[in-house]
Amino acid sequence: MRIVVAIKQVPARESQLKLDGPGRWLEEGELSFEVNEPDAYALEAALQLKEQQGGEVVVVCAGPERAQSTIREALAKGADRAIHIEEDGLAQCDALAVARLLAQAISAEQPDLVLTGLQSDDTGSGQTGVIMAELLGWAHATLVMAVELTPDGLVIKRELEGGWFQRVALPCPAVLTIQSGINKLRYATLMGIKRAKSKEVRRTTAAELGVPLESQLRLVALRAPQRTKQTQMLAGSAAEQAAALVEKLKFEARAL
Amino acid sequence: MSGILVIVEQSGGVPQRIGLEALSAGHALGAALGQPVRACVFGAQAAAAARTLGGLPVIALEHERLEAYTADGATAALAELIAAEAPDYVVLPHSYQVRDYGPKLATRLGRVLVSDCTGIVCDAGPVRFERQLFQGKLTGTFEAGPAPVLVSVQAGAYRIEAVPGEATVELRRPALDAAQIRQRPEPPFRETAKAVDLSTASAIVAVGRGIGEEGNLVLVEELAAALGAELGASRPICDNGWVGMERQVGSSGQTVAPKLYVAVGISGAIQHLVGMKGSECIVAINKDPNAPIFEVADYGIAGDLFEVVPALTAELSKAKG
């Protein structure tokens, strides 16, 4: 079977985020980037399915030139080839605009299954996978914890609220958005990194795909969130901080 | 046509809290824009849920193919309703269900959902939507495109307000044929009996990624013991299997509101915050002074948890004498 995994490159989790001059996006100069964590779990799920069933895992990623490093990492982990939709300025695009690009590239691959993370760690709209499914005309399931192939499609286990789960049967092709933490991520081996260098990365653009980059949602301001509470930050050495906290919890908050 | 249409999520004839919060958001938007508000509920016993919503027109969509939720069924039924009613705004709760069908519904209507909003600003100028970016580290303000504008509101962003009066309920049967619905859902199930009920704990010490490795958990367990607190954890810690899933706090785990909540090495992603921000007193210990957890904390210690936590445990033991 052919599985396409849509991955995104995002600022590393530990990054200190600084706004750019006009306060419209981030100062990217000092940031390091990594694969969006839920997408890493989607890739791992795809690699495990391939190991069971045989077939091919194709990675598709929309992003600027720097996304190459994230694509190479996916190839080093075991993806067979990649498509890089190389565009700057996608950060200003809404989920529909990006999903249109991805869906157009994926459609040509005629996959049996499309996997992606349930949301991105940067914009967190949690929509790209579901929108792709609608654009492609395929069934989808979200918050997927486990995937099992059946003779007439698949059965997935999805997470519901409050500790509930549900199994859902779907026909293929289907788009699944994968919950974080459902499997154990593999590391790229030295051999894998070596092999990745000779794997195909096909570069394309929005223009080549014939998809206009049009967004309905417009980001008009970006700022640090307002504190909803007056937080007392306790200073000093660890021992001083601990003593001050116990004092405050006892006599001010009366929480002890 | 114009107006505000609120989709209120319900289960077994009872509206969900998050659905009633969306209704409050819809009423606030309607009042600011001077536009009428109506609501829609769908699924089994939709009419019963509709009658509880107070004084506004409510459309109850009932159909045997909506009894078990599917994204395909919900999308088809609501797309038909929105096309017929032509509202300017459609307000939805940002529930697990809406995360599943909301983006699909918007796409079918040629729109993009403004998802997981924490606020809708309607002063002078165009209506603007606020939502969190970068795991809550930044807040973005957005303007949407042409009507209908679809927006989902985050749990806890709006307070539930009882609306006086009687709902005017109109029962409708959407056109749904079997071929439209491709998902075949089985009944929901629970993995393990919930052995721990964190919602009744008076104090909770919760641990997150900052703890680094499983062997370090003992530090947090000692602190919990010194406080007489239950142990809780953020999602990644439970995913790793270091702490049982039944102790997970957040949107996919339990919602808690103890007297004291101590967050250790938890940065405070939205999904965690919605599960604990109602706590009476919140203490955050994290090495990153800009971590969003500090926005909801009463007391913050920006420092190395491996130094601060043992010091705190020692101080508490000393205080007890």
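Data block above holds the structure.
Residues numbered from 1 in each chain as written. Chains lettered and ligands numbered in written order. Predicted model: local features only at pLDDT ≥ 70, side-chain atom pairs only at ≥ 80, totals over all residues. Heavy atoms only, no water.

1. Here's the deal with the packing of helix α3 (residues 71-85) of chain B against helix α4 (residues 96-108) of chain B
The description of two helices packed together rests on the angle between their axes and the distance between the axes. Residue and element names in this part refer to chain B. Axis separation between α3 and α4 bottoms out at 9 Å; the angle between their running directions is 45°. Classed by the angle they form, the pair α3 and α4 counts as oblique. Crossing hand, α3 versus α4: right-handed. On α4, the residues that touch A71, D72, A74, T75, A76, L78, A79 and I82 of α3 are D100, Y101, K104, L105 and R108. Tallied by class, the residues present in the contact of α3 with α4 amount to eight nonpolar, one polar and four charged. (Axes fitted to C-alpha atoms, helices over the stretch in contact; angles between N-to-C directions. Helix = DSSP H or I, 4+ residues; strand = E, 2+ residues; numbered from the N terminus. Parallel < 35°, antiparallel > 145°, perpendicular 65-115°, else oblique. Left-handed = near helix turned anticlockwise from the far one by under 90°. Contact = heavy atoms within 4.5 Å. Nonpolar A, V, L, I, M, F, W, Y, C, P; charged D, E, K, R; others polar.)

2. Describing the sheet that holds strand β18 (residues 299-302) of chain B
Reading across the sheet, the six strands line up as β13(A)-β18(B)-β17(B)-β16(B)-β14(B)-β15(B) and stay open at both edges, with parallel pairing between neighbours. Because the sheet does not close on itself, it has two edges, and the strands there are β13 (232-233) of chain A together with β15 (230-233) of chain B. Judged from the five bridges that link them, strand β14 (residues 203-207) of chain B and strand β16 (residues 260-264) of chain B form a sheet pairing that is parallel. When the sheet's bridge partners are listed, V205 of chain B is paired in β16 of chain B with V262 of chain B. In the packing of helix α7 (residues 238-251) of chain A onto the sheet, the strands contacted are β13 of chain A together with β16, β17 (281-286) and β18 of chain B, and the crossing angle to β18 of chain B comes to about 175°. Helix-sheet contacts for helix α5 (residues 217-227) of chain B involve β14, β15 and β16 of chain B, and the interaxial angle to β14 of chain B is about 170°. (Pairing = 2+ DSSP bridges.)

3. Focus: the pattern of salt bridges
Tallied over the full model, the rule gives 31 salt bridges over all chains. When the shortest N-O distance is used, the salt bridge between E37 of chain A and R13 of chain A registers 3.2 Å. Residue E37 of chain A is found in helix α1 (residues 37-53), and its partner R13 of chain A is found in the loop between β2 (9-11) and β3 (33-35); the two are separated by 24 residues along the sequence. Given a relative accessible area of 18%, E37 of chain A falls into the buried group. Among the charged side chains, a network of salt bridges with common partners joins E134 of chain A together with D72, K104, R108 and R182 of chain B. (Salt bridge = Lys/Arg side-chain N within 4 Å of Asp/Glu carboxyl O. Buried < 20%, exposed > 50% of the residue type's maximum accessible area, 1.4 Å probe, protein only.)

4. What about the interface of chain B and chain A?
Chain B puts 75 residues into the contact, and the matching count from chain A is 85 residues. For the interface between chain B and chain A, the tally reads seven salt bridges. Taking the shortest distance from any N to any O, the salt bridge between E130 of chain B and R223 of chain A comes out at 2.7 Å. Here chain B and chain A share 40 residue pairs in polar contact (both at pLDDT 80 or more) between them. Grouping the amino acids of the side of chain B that touches chain A by side-chain chemistry returns 31 nonpolar, 18 polar and 26 charged. (Polar contact = N/O pair within 3.5 Å; in protein donor to acceptor, adjacent residues only side chain to side chain.)

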